[in-house]
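For reference, the chains in residue letters:
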Amino acid sequence: MDFDIDGVILETTQDAIKAHMGATRHHHKWQIAFKVNDETADVEVVDVIPQTSRTGRVSPVAELVPTKLSGATISRVTVHHYNMVKSNGVGPGAIVQLVRSGLVIPKIEKVVKEAEPKLPENCPSCESHLIWEADHLMCPNKSDCPAQTENTLIHFFKTLGNNDGFGPKVIEKLSQNGIRHIHEIYNIQVSEFVSFGFGDKTSQNLFDQLIASKEIEIEDWRFLSAFGVSRLGGGNCEKLLQHHDLPALFDISVEQMVQIDGFAQISAEAIVEGLKNIKEEFFKVYELGFNLAATTKLSEQGEGDSPIAGKTVVFTGSMVQGSRGDMEKQAKALGAKVAKSVTGKTDYLVAGEKVGETKITAALAKGVEVISEQDYLQLIA
Ligand SMILES: [Zn+2]
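Rules used throughout
- Residues numbered from 1 in each chain as written.
- Predicted model: local features only at pLDDT ≥ 70, side-chain atom pairs only at ≥ 80, totals over all residues.
- Heavy atoms only, no water.
- Patch = residues over 30% accessible without salt bridge, like charges linked within 9 Å, V, L, I, M, F, W, Y side chains within 5 Å.
- Areas by Shrake-Rupley, 256 points an atom, 1.4 Å probe, with all protein chains shown as cover.
- Salt bridge = Lys/Arg side-chain N within 4 Å of Asp/Glu carboxyl O.
- Helix = DSSP H or I, 4+ residues; strand = E, 2+ residues; numbered from the N terminus.
- Phe/Tyr/Trp six-rings, centres within 6.5 Å; stacked < 30°, edge-to-face > 60°.
- Buried < 20%, exposed > 50% of the residue type's maximum accessible area, 1.4 Å probe, protein only.
- Lys NZ or Arg CZ within 6 Å of the ring centre and 35° of its normal.
- Donors = N, O, S within 2.8 Å, 3.2 Å for Na, K, Ca; no water.
- Tetrahedral: all angles 85-135°; square planar, octahedral: opposite > 155°, others 65-115°.
- Contact = heavy atoms within 4.5 Å.
- Expected span 1.5 Å × (residues − 1).
- Domains from an automatic or database assignment.
- Pairing = 2+ DSSP bridges.
- Axes fitted to C-alpha atoms, helices over the stretch in contact; angles between N-to-C directions.

A. Structural context of a nonpolar patch on the surface. A cluster of nonpolar side chains, Val-8, Leu-10, Ile-32 and Phe-34, forms an exposed patch at the surface whose accessible area comes to about 370 Å². If you list the elements that add at least two residues to the nonpolar patch, you get β1 (7-11) and β2 (31-35). Tracing the sequence through the fold places Phe-34 in strand β2.

What follows is the structure, given as structure tokens:
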């Protein structure tokens, strides 16, 4: 090849054989990956730099002598955690073996030559004394660590995903001007942005984006997950909001939460605690009046009301009647479970235009009913 590849997929091309071989829950049996990428490189570590995340966890990043590996020049790699730095001797002068193994992100396969590990005593952002928590070094300063604050704000806007003005650079500048909380950002006037050192145009633009981000409709589960509570990613937020309204979530007990499918004691305890910690800030932001679309309650989905209630539906290909995203939303509102890929549990594969034959054959092989967009619309009509 004239270019870098990390392997090939071997597959049978005969539909009859494909149908006969079928698939497991995870892969087609008529396809096999033949990976050839065993390219590794031994690279010298120049330095190990600590970085504090929004949760206070401090991650070690190894800066490397720039080295070409599987077509890319690698100059830094994240080390798993500081316990690895400590016990495997990752420090300036160490030699690590890197691999990209089909991934874009390089990773350390092993430490070839150890060196004196470099462990920080203090948070690189706020100078607080770091403490060990299992394998990780943590910054214990929950209230006033710039790195944690900035990363929390960055996470909020990134998760909201409806404006592109509030990236790391802008957030850093706001933080330098004493902004610590999401609700404060929403109260900044154009003239204040200017006084923080933003240009006239940018200031107006940032102000407008904040207004837009409140007006654009956004799912309530996405809004909640933007606050970055540990164990409250989008999936868990949606599960909780299928049972309780957003404001009411802050009042439910651990006992109530474990009643909900998918929440064990330990995660329920962590989530209840996490919600308590953000409660004050959450309501300050919530009361700014975001345009939130409430998650449909399981009790309202009324099985039997719609022919797809309780069914698992996968949409694929391009749809003619509307965007696939809208169709997925509608299906959820009708009580269906919408999945991204076909498994043995899928009831319907709704195939739009330009869908590969292999996808359809595979679905049929799993006993999935494949229907066109038109059939689907008739079904739910
Ligand atoms: Zn800190």
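Moving on from the coordinates now.
B. Summary view of the packing of aromatic side chains. Summed over the entire model, instances satisfying the criterion amount to 18 aromatic pairs. Relative to Phe-282, the ring of Phe-250 has its centre 4.5 Å away and its plane inclined at 35 degrees; by these criteria the two rings are tilted. Of this pair, Phe-250 sits in the loop between α9 (234-241) and α10 (254-258) while Phe-282 sits in helix α11 (residues 265-286); the two residues are 32 residues apart in sequence, bridging distant segments of the chain. Overall, the relative accessible area of 0% leaves Phe-282 in the buried class. For Lys-86, the ring lying beneath its charged end belongs to Trp-132, and the centroid distance is 4.9 Å.

C. The arrangement of the coordination of the zinc ion in detail. Taken together, Cys-123 (SG), Cys-126 (SG), Cys-139 (SG) and Cys-145 (SG) make up the protein donors of the zinc ion, found 2.2 to 2.3 Å from the metal. Coordination geometry of the zinc ion: the four donor atoms subtend angles of 97 to 116 degrees at the metal centre, consistent with an arrangement described as tetrahedral. Donor residues binding the zinc ion come from one chain and are separated in sequence as C-x2-C-x12-C-x5-C. With Cys-126 in the loop between β7 (107-113) and β8 (131-133) and Cys-139 in the loop between β9 (136-138) and α3 (146-160), this residue pair connects regions lying 13 residues apart in the sequence. Accessibility expressed as a relative area gives 1% for Cys-139, which makes it buried.

D. Quick look at the environment of Ile-182. Its place among the elements puts Ile-182 in helix α5 (residues 182-186). Given a relative accessible area of 4%, Ile-182 falls into the buried group. Distance from Ile-182 to Phe-282, taken between C-alpha atoms, is 8.8 Å for residues 100 residues apart in sequence. Sequence-distant contacts of Ile-182, defined by excluding residues within four places in its chain, comprise Leu-153, Phe-156, Phe-227, Glu-281 and Val-285.

E. Expanded view of the pattern of salt bridges. By the definition in use, this model includes 13 salt bridges. Measuring nitrogen to oxygen at the nearest pair gives 3.9 Å for the salt bridge that ties Glu-11 to Lys-18. When the shortest N-O distance is used, the salt bridge between Glu-63 and Arg-76 registers 3.1 Å. In this pair, Glu-63 is assigned in strand β4 (residues 57-69) and Arg-76 in strand β5 (residues 72-78), connecting sequence segments 13 residues apart. Assessed through its relative accessible area of 41%, Arg-76 is described here as partly exposed. Members of the salt-bridge network, linked through shared partners, are Glu-11, Asp-15 and Lys-18.

F. Quick peek at helix α7 (residues 200-215). For α7, with 16 residues, the first-to-last C-alpha span of 23 Å sits near the 22 Å given by 1.5 Å per residue. Turning to α7, the residues buried within the fold contact α3, α4 (168-176), α5 and α6 (190-195).

G. Layout of the domain arrangement of the protein chain. Split into domains, the protein chain comes out as domain 1 (1-36), domain 2 (41-138), domain 3 (146-215), domain 4 (218-293) and domain 5 (312-380). Taking only C-alpha atoms, the centre of domain 1 and the centre of domain 3 are 47 Å apart.

H. Summary view of the pairing of β5. Relative to β5, β4 runs antiparallel, the two sharing six bridges. Pairing of Glu-63 across the sheet is with Arg-76, part of β5. Adjacent in sequence and paired antiparallel, β4 and β5 are bridged by two residues, among which Ser-70 carries a positive phi angle near 45 degrees.

I. Quick look at the sheet that holds strand β14 (residues 348-351). Read across the sheet, four strands follow the order β13-β12-β14-β15 without closing on themselves; strand pairing throughout is parallel. Two strands bound the open sheet, and with one partner strand each, they are β13 (337-339) and β15 (369-372). If you compare each strand with its neighbour and ignore which way they point, the axes differ by 30 degrees on average. Across three bridges, the pairing between strand β12 (residues 312-316) and β13 is parallel. Across the sheet, residue Thr-312 finds its bridge partner in β13, namely Lys-337.

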